[in-house]
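Residue strings, one per chain:
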Amino acid sequence: MIFLSFFKTLVGKEIAVELKNDVVMTGTLHSVDQYLNIKLLNVKVVNPDKYPQLVALQNCFVRGSVVRYIQIPPEHVDTELLQDAARKENAPAK
């Protein structure tokens, strides 16, 4: 559950999502669940000439299984939080 807690810290931040069908969109992360389904607000398609049908899109729900990449600005990545969570998850059971 490292990723879920990490993505929850990004709520309200601008992210870019690349889907498996090569659509890339940016938006503000509104919510994320345990399946890494995400809801984006203020969505903009990176290549509107290639996907004109998505230009009018404002908010969207993206199923986690169709996501290829999620791009996060480096200033929003808390490496200490990730390292601590990884250590706790990989700690030997007592």
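Read on for a plain summary of the structure. If you're wondering where the values come from, they're calculated on a predicted model, not measured in any experiment.

Note: most residues except glycine have negative phi, and most peptide bonds are trans. Backbone geometry places Asp-22, a non-glycine residue, at a positive phi of 75°. Even without glycine at this site, Leu-36 takes up a positive phi of about 60°. Looking at the element boundaries, Leu-36 is found in the loop between strand S2 (24–32) and strand S3 (38–45). The partly exposed category is assigned to Leu-36, whose relative accessible area is 29%.

Here Asn-37 shows up in the loop between S2 and S3. If we skip the residues at most four places from it in the chain, Asn-37 touches Ser-31, Val-32, Phe-61, Val-62, Arg-63 and Gly-64.

Now for the sheet that holds S3. Pairing is antiparallel in the open sheet, where five strands are placed in the order S4-S3-S2-S1-S5. Two strands lie at the open edges of the sheet, namely strand S4 (60–62) and strand S5 (67–71), each paired on one side alone. The average angle at which neighbouring strand axes cross in this sheet is 45°, direction not considered.

Looking now at the environment of Leu-19. Positionally, Leu-19 belongs in strand S1 (residues 14–19). In this structure the C-alpha to C-alpha distance between Leu-19 and Val-62, which are 43 residues apart in sequence, comes to 8.8 Å. Setting aside chain neighbours within four positions, we find Leu-19 in contact with Met-25, Val-62, Val-66, Val-67 and Arg-68.

What counts as what
Residues numbered from 1 in each chain as written. Predicted model: local features only at pLDDT ≥ 70, side-chain atom pairs only at ≥ 80, totals over all residues. Heavy atoms only, no water. Helix = DSSP H or I, 4+ residues; strand = E, 2+ residues; numbered from the N terminus. Buried < 20%, exposed > 50% of the residue type's maximum accessible area, 1.4 Å probe, protein only. Contact = heavy atoms within 4.5 Å. Pairing = 2+ DSSP bridges. Axes fitted to C-alpha atoms, helices over the stretch in contact; angles between N-to-C directions.

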